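Summary of structural features
Single-letter residue listing:
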Amino acid sequence: MRPRALPSLPLASSSTPMRPPPHVAASTSPALHAGSSRRRPHHRGRTMMSVSCCHLAALVSILAAGAATALLTLSLPSSPGASTTRRTDFAGALSVANETPPLPHLSAPPAPATPPPAPPSPPADRPRKREPSFWRMAPEEALRYAKKEIRDAEPVLDDPDLYAPLFKNVSQFKRSYELMERILKVYIYQDGRRPIFHTPPLSGIYASEGWFMKLLKESRRHVVADAGKAHLFYLPYSSQQLRLTLYEAGSHNLRPLAAYLRNFVRGLASKYPFWNRTRGADHFLVACHDWGPYTTTAHRDLRKNAIKALCNADSSEGIFTPGKDVSLPETTIRTPRRPLRYVGGLPVSRRSILAFFAGNVHGRVRPVLLRHWGNGQDDDMRVYSLLPSRVSRRMNYIQHMKNSRFCLCPMGYEVNSPRIVEALYYECVPVIIADNFVLPFSEVLDWSAFSVVIAEKDIPDLKKILKGISLRRYVAMHDSVKRLQRHFLWHARPIKYDLFHMILHSIWLSRVNQVQVQLEG
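Residue positions within a chain follow its written sequence, with the count starting from 1. Restriction of local features to residues with pLDDT of at least 70 applies here, the model being predicted, together with a cutoff of 80 or more for giving and counting side-chain atom pairs; totals for whole chains, interfaces and linings are based on all residues. Each side-chain value is worked out from all heavy atoms of the structure, with water and hydrogens disregarded.

Notes on the side chain of H505
Applicable threshold: Secondary structure elements follow DSSP: runs of H or I no shorter than four residues count as helices, runs of E no shorter than two count as strands, and numbering proceeds from the N terminus. In what follows, a contact means two residues having at least one pair of non-hydrogen atoms within 4.5 Å.
Along the chain, H505 falls in helix α18 (residues 499–520). When sequence neighbours within four positions are dropped, the list of residues in contact with H505 reads F173, S176, Y177, M180 and V444.

Below, the structure is given as structure tokens:
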């Protein structure tokens, strides 16, 4: 702030005699005031005016000295230990001006001998080090940087968007997610004929592959037109559309589906250089139909090297590779325009049913479950093949899940089940009964915090196991389910940490881990 300009004063005329200061006038008064007695009153008035003008001149000199001091203070360099002020203390300037001012120096005023120590900043406020320009990095270089940063992630003290008990290591997850948002670029192949490519379903139990494709194509942050800048390459096919288009009903022959996808990959490898550079290790696909894993078996590199995000994440068949492939949540979308229509549940105090299941009886697990707990054998265990009309008239399927403490999620023909995500939507603790099932996002999520995993052989003891969970433990699990829910929701426009970003993050993390294995191996 500049010092305020002093008001201008009229300059004395050359014909007006300069009057001495008051102390000089007092010492010379006999000589200066000699004259007639009749002019004494006028002379006294002139004397008073002279004194007033002298006071005004002194005030002007004081203000000038204060302004000079303020200007000098502003122009001096500040010392590291002293705080700099831009406000001029007018009263202080006057008190300094009344004394004999010292000559100004061009050095900074000395710092206090013992400055008070500054309070330490909390760890959360520490500025993060400046990160490099990822756009200028080669893709492999950026991935190596990300791997080191994730490994050395600083502890997360408080993040309102993340509930630490849900994660195996919330600090590493947060850092990995931050780097994904800043670094990851995906190239989407435009090849492939419709409807098998580029037109996935957005409703039904296989909607996950469709919603992911839709939202990724609309992403301006992650999709890149320059394939040379891409860290990952997306094969935009739909396993459900592949089945509807090519499968011959009743044939039980999946070879035509696998051969079609094999020929598509061969066409990409002959047309573009990207597949051959890594033999498909930086390529990925997203398939939710039960047959998704089997459509990759006719092409060796597609099966072994590419990242497969699959709902049917069965580790026992030799197709899904834990640590490289991604377990994709199977979500039932009834109304694509309102994917979150039925989300929500009841508090613990209003959940009167211990456990609930209703569904088709197929596969190896569900017949055993019905044999032990079905047909109204136990009022606490509401287990049905299909929900009877006499029961559904009083309480439908969704209402049953919202009124139950535990929702049973047994495998069907395959290990995956849409009931897992349905249970999360309706705030019911899922009970997963499927040996060899790699749970969704198990590389980052701690499923023991919000679910119960039962071995298939323990189905006869199911009620005993569930009754053995204390109320305090159940309340904590129910609260975790409510907090986890946000990570399994589809949104028309993706938001931070939602299901779209969780899937993309798992694929990104798989690619980062591949780079580490290659470097260390």
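Some details on the side chain of D314
Stated formally: Whether a residue is buried, partly exposed or exposed follows from its accessible area with a 1.4 Å probe, protein chains only, as a fraction of its type maximum: under 20%, in between, or over 50%, in that order. By the counting scheme adopted, Arg and Lys are positive, Glu and Asp are negative, and His together with the chain ends is not counted. Whenever Lys or Arg places a side-chain nitrogen within 4 Å of a carboxyl oxygen from Asp or Glu, that contact is recorded as a salt bridge. Definition of a polar contact: a pair of N or O atoms within 3.5 Å, with one able to donate and the other able to accept a hydrogen when the atoms are protein atoms, and with sequence-neighbouring residues admitted only if both atoms are side-chain atoms.
Along the chain, D314 falls in the loop between β4 (307–310) and β5 (326–327). One buried charged side chain, D314, makes no salt bridge at all; its nearest oppositely charged neighbour is R364, positioned 5.9 Å away. Among the polar contacts made by the side chain of D314, one reaches the side chain of S316 at a distance of 2.6 Å. Excluding residues within four positions of it along the chain, D314 makes contact with F320, V415 and N436.

Observations regarding the packing of aromatic side chains
Centre-to-centre distance and the angle between the planes together describe a pair of aromatic rings. To keep it simple, the criterion reads: Between 30 and 60 degrees the pair is tilted, below 30 it is stacked and above 60 it is edge-to-face, where a pair is any two Phe, Tyr or Trp rings, Trp via its six-membered ring, whose centres lie within 6.5 Å. A ring has a charge above it when a Lys NZ or an Arg CZ is no more than 6 Å from the ring centre and no more than 35 degrees off the ring normal.
Summed over all chains, the structure comprises 25 aromatic pairs. A ring pair is formed by F441 and F488, whose centres lie 5.5 Å apart and whose planes are at 55°; its orientation type is tilted. Within this pair, whereas F441 is found in the loop between β9 (429–433) and β10 (452–453), its partner F488 is found in the loop between α17 (471–484) and α18, the two being separated by 47 residues in sequence. When the ring centre of Y474 is taken as reference, the NZ or CZ atom of R405 above it lies at 5.5 Å. Across the ring face of Y163, the terminal group of R483 is positioned such that the distance to the ring centre comes to 4.0 Å.

Looking at helix α9 (residues 255–271)
Spelled out, the test is: In this scheme, a helix's expected span is set at 1.5 Å multiplied by one less than its residue total. What the arc describes is the spread of directions from the helix axis to the C-beta atoms.
Taking 1.5 Å as the rise per residue, α9 with 17 residues should run 24 Å; its terminal C-alpha atoms sit 24 Å apart, in good agreement. Regarding α9, the residues found buried are L257, A258, L261, F264, V265, L268 and A269. Down the axis of α9, the smallest arc covering the buried residues is 140°, so these residues share one side. For α9, the exposed residues lying more than 90 degrees away from the buried face are R255, R266, S270 and K271. Buried-residue contacts for α9 involve α8 (239–246), α10 (274–278) and α11 (300–304).

Here we look at the pattern of salt bridges
If you walk through the whole model with that rule in mind, you get 21 salt bridges. Here E140 ties to R511 by a salt bridge, and the two come within 2.8 Å at their closest N and O atoms. With a gap of 371 residues between them, E140 in helix α5 (residues 139–151) and R511 in helix α18 connect regions that are remote in the sequence. The salt bridge involving D380 is made with K463; its shortest N-O contact spans 3.4 Å. Of this pair, D380 sits in the loop between α12 (366–373) and β7 (381–384) while K463 sits in helix α16 (residues 462–467), and the two are 83 residues apart along the sequence. Taking the relative accessible area as the measure of exposure, D380 reaches 25% and is therefore partly exposed. Several salt bridges converge on common partners, so that one network encompasses D378, D380, K463 and K467.

Some remarks on the confidence of the model for the protein chain
To be explicit about the condition: As a per-residue measure, pLDDT reflects the predictor's confidence and takes values from 0 up to 100.
Chain-level pLDDT for the protein chain is 81 on average; 74% of the residues reach the 70-or-more range. This stretch, residues 1–54, has a pLDDT under 50; its non-local contacts, to residues over four places away or in other chains, come to 17 contacts. Overall, residues 67–113 carries pLDDT values under 50, and its contacts beyond four positions in sequence, including any with other chains, amount to 22 contacts.

So, the packing of α8 against α9
Stated precisely, the cut-off is as follows: To get an axis, a line is fitted to the C-alpha atoms, and for a helix only the part in contact is used. The angle between two axes follows their N-to-C directions and goes from 0 to 180 degrees. An angle below 35 degrees is treated as roughly parallel, one above 145 as roughly antiparallel, one from 65 to 115 as roughly perpendicular, and anything else as oblique. Each crossing gets its hand from how the near helix is turned against the far one by less than a right angle, where anticlockwise is left-handed and clockwise is right-handed.
Where α8 contacts α9, the axes come no closer than 10 Å and their chain directions differ by 120°. On the basis of their axis angle, the class for α8 and α9 is oblique. Considering the relative orientation of α8 and α9, their crossing is right-handed. Of α9, the residues touching α8 (which contributes L242, R243 and L246) are P256, L257 and Y260.

Focus on the state of the cysteines
For clarity, the cut-off: Only a pair of cysteine sulfur atoms within 2.5 Å counts as a disulfide in this structure description.
For the structure on display, the rule yields 2 disulfides. The side chain of C288 participates in a disulfide bridge whose partner is C311; the two sulfur atoms lie 2.1 Å from each other. Every disulfide takes its handedness from the sign of the S-S torsion; for C288 and C311 that torsion is -85°, giving left-handed. Here C288 is found in the loop between β3 (283–287) and α11, whereas its partner C311 is found in the loop between β4 and β5, with 23 residues between them in sequence. With a sulfur-sulfur separation of 2.2 Å, C407 is cross-linked through a disulfide to C428. On the sign convention where negative is left-handed, the bridge of C407 and C428, at about 115° about the S-S bond, is right-handed. Placement of C407 in strand β8 (residues 404–410) and of C428 in the loop between α15 (419–425) and β9 is noted, with a sequence separation of 21 residues between them. The buried category is assigned to C407, whose relative accessible area is 1%.

Comments concerning the sheet that holds β5
The following threshold applies: For two strands to be treated as a pair, DSSP must find at least two bridges joining them.
With respect to topology, 5 strands assemble into an open sheet ordered β1-β2-β3-β4-β5, the strand pairing being parallel. The open sheet has two edge strands with one neighbour each: β1 (186–188) and β5. Where β3 and β4 come together, 4 bridges link them in parallel fashion. Across the sheet, residue A287 finds its bridge partner in β4, namely L310.

Re the nonpolar core
For soluble globular proteins, nonpolar side chains are generally found buried alongside one another. Convention followed: Residues grouped as a nonpolar core are buried Ala, Val, Leu, Ile, Met, Phe, Trp, Tyr and Cys residues, joined through side-chain atoms within 4.5 Å. Domain start and stop positions are those given by an automatic or database domain assignment.
If you look at the biggest cluster of nonpolar residues, it comprises 131 residues, and the most contacted ones within it are F212, F284, F488, W490, I507 and W508. For this core, the element with the highest residue contribution is α18, accounting for 10 residues. Inspection of this core shows a minimum of three residues originating in each of domain 1 (182–335 + 499–514) and domain 2 (348–488). Residues contacting F284, with those up to four places away along its chain left out, are V186, F212, L216, L232, F233, Y234, L235, I307 and I507.

Some points on unusual backbone geometry
The step from R194 to P195 runs through a cis peptide bond, and the omega angle for that step is 0°. Among the structural elements, P195 can be located in the loop between β1 and α7 (207–217). Positive phi outside glycine occurs at H252, with the angle close to 55°. If you trace the backbone, H252 turns up in the loop between α8 and α9. The phi dihedral of N436 falls on the positive side, at around 70°, and the residue is not glycine. With respect to the helices, strands and loops of the structure, N436 is situated in the loop between β9 and β10. On the basis of relative accessibility, which here comes to 39%, the residue N436 falls in the partly exposed class.

Remarks on α12
Inspection of α12 places R366, L369, L370 and W373 among the buried residues, and these make up the whole buried set. Projection of α12 onto a plane perpendicular to its axis shows the buried side chains occupying an angular sector of 95°, all on one side. Looking at the buried residues of α12, the elements they touch are β6 (353–358), β7, β8, α15 and α16. Positioned one or two residues after α12, N375 has a phi angle of 60°, which is positive.

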